[in-house]
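Observations on the model geometry
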Amino acid sequence: MLDKIDPTCKETDSRSKFVFQEKGRKLTLVNTQQIKSTKIKVDGCHIQNSRACDFMLVTAYDDFYIELKGQDVSKALEQIIETIEVVGKSSKRRRTAYVICSKSPRVDTSIQKKKKYLKEKYTCALEIAVNQREYSY
C-alpha cells in the first residue's frame, strides 16, 4: 500500500513522536520503541475529491486513522470508515481510529452504531478525545 502513495503525501522515519495538528486539535502518538512509521496526509493529498480522514500513521503492526474535527463526531466516523474502505480494507495490521473534536460529543445512537460497526467489520478500536490527546504505541 505505501508504495502507491505519492511521496509528497507521506514521510517515513523512526522519530519518538508523531504530531497531527489542525484547527486547534492535536493528537500526539508516542513511538515508544521508535519503530519505522509512515505519516500520511490522507484528505486532500492521498485521497482527493472524496471523503477521507485527515491522516494515517502506518507501522509494520498498526494502522492508525486520525480525524481532527469540530463537533460532528458522526461525520468524522463516516470519514474514517470510508478511508478504511479505500486504503485499509485488506490490511492485516491492527486498526485504531482517533477522533479529536472541539467539544465532548453527546453519546447518541448513531455514534454507538458506528463504533460497533468499526469494531465488528474492521476490528478497529476507537478513541474519542477533546482538543488534544497523547497516546503511545
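Residues numbered from 1 in each chain as written. Predicted model: local features only at pLDDT ≥ 70, side-chain atom pairs only at ≥ 80, totals over all residues. Heavy atoms only, no water.

Thoughts on the overall build of the protein chain
Test applied: Under the scheme used here, helices are H or I runs from DSSP no shorter than 4 residues and strands are E runs no shorter than 2 residues, and both carry numbers assigned from the N terminus. A radius of gyration in this sense is built from C-alpha atoms; the matching globule rule multiplies 2.2 Å by the number of residues raised to 0.38. Type-normalised accessible area, obtained with a 1.4 Å probe on protein chains alone, sets the label of each residue: buried when under 20%, exposed when over 50%, and partly exposed for intermediate values. Note on definitions: a residue-residue contact is assigned when non-hydrogen atoms from the two residues lie within 4.5 Å. Only the protein chains shown count as cover for residues, with accessible areas throughout obtained via the Shrake-Rupley method and a probe of 1.4 Å.
Counting its regular elements, the protein chain contains two helices and nine strands. In the protein chain, the succession of α and β elements from N to C terminus is β-β-β-β-β-β-α-β-α-β-β. On C-alpha atoms alone, the protein chain measures out to a radius of gyration of 14 Å, which is about the 14 Å that the 2.2 N^0.38 rule sets for 137 residues. Taking the principal axes of the C-alpha coordinates as reference, the protein chain spans close to 40 × 30 × 25 Å. For the protein chain, the residues scored as buried account for 44% of the 137 residues in total. Here the analysis covers contacts within the protein chain between residues at least 6 apart in sequence; of these, 63% occur between residues at least 24 apart. Counting every atom, the protein chain has about 7,500 Å² of accessible surface; 45% of that belongs to carbon and sulfur.

Overview of the packing of helix α1 (residues 73-88) against helix α2 (residues 109-122)
Think of two packed helices as two axes; the pair is described by the angle between the axes and how far apart they sit. As a reminder of what qualifies: The angle between two axes is taken between their N-to-C directions and runs from 0 to 180 degrees, where each axis is a line fitted to C-alpha atoms and a helix contributes only its stretch in contact. Orientation categories follow fixed angle ranges, with anything under 35 degrees roughly parallel, anything over 145 roughly antiparallel, 65 to 115 roughly perpendicular, and all other angles oblique. Left-handed describes a crossing whose near helix is turned anticlockwise from the far helix by less than a right angle; the clockwise case is right-handed. Side-chain classes follow a simple rule in which Ala, Val, Leu, Ile, Met, Phe, Trp, Tyr, Cys and Pro form the nonpolar group, Asp, Glu, Lys and Arg form the charged group, and the remainder, Gly included, forms the polar group.
Put simply, α1 and α2 touch, their axes get as near as 9 Å, and they point 20° apart. With respect to each other, α1 and α2 are oriented roughly parallel. Handedness of the α1/α2 crossing: left-handed. Between α1 and α2, the contacting residues are Val 73, Ser 74, Leu 77, Glu 78, Ile 80, Ile 81, Ile 84 and Glu 85 on the first element and Ser 110, Ile 111, Lys 114, Tyr 117, Leu 118, Lys 121 and Tyr 122 on the second. Looking at the contact of α1 with α2 residue by residue, the classes come out as nine nonpolar, two polar and four charged.

Looking at the sheet that holds strand β3 (residues 25-30)
Condition: For two strands to pair, DSSP has to find at least two bridges joining them.
Taken together, the three strands give an open sheet; going across it, the order is β2-β3-β9, and neighbouring strands pair in mixed fashion. On the outer flanks of this sheet lie β2 (17-22) and β9 (132-136), each paired with one strand and no other. Across this sheet, the average inter-strand angle for adjacent strands is 10°, counted without regard to direction. Where β3 lies against β9, five bridges are found, and the strand directions are parallel. Bridge pairing in β9 links Thr 28 to Glu 134.

So, the packing of aromatic side chains
Test applied: For Phe, Tyr and Trp, where Trp contributes only its six-membered ring, two rings pair if their centres lie within 6.5 Å, and the inter-plane angle classes them as stacked under 30 degrees, edge-to-face over 60, or tilted in between. A ring is scored as having a charge over it whenever the NZ atom of a lysine or the CZ atom of an arginine sits within 6 Å of its centre and within 35 degrees of its normal.
This structure, assessed with the given rule, holds five aromatic pairs. Between the aromatic rings of Tyr 98 and Tyr 135, the centroid separation amounts to 4.8 Å while the plane-to-plane angle is 35°, which identifies the pairing as tilted. With a gap of 37 residues between them, Tyr 98 in strand β7 (residues 94-101) and Tyr 135 in strand β9 connect regions that are remote in the sequence. By relative accessible area, Tyr 135 is classed as buried at 14%. A connected cluster of aromatic rings, assembled from ring pairs, spans Phe 64, Tyr 98, Tyr 135 and Tyr 137. Just above the ring of Phe 55 sits the side chain of Lys 39; from NZ or CZ to the centre is 5.7 Å. Note that Lys 41 overlies the ring of Phe 55, its terminal NZ or CZ placed 5.0 Å from the centroid.

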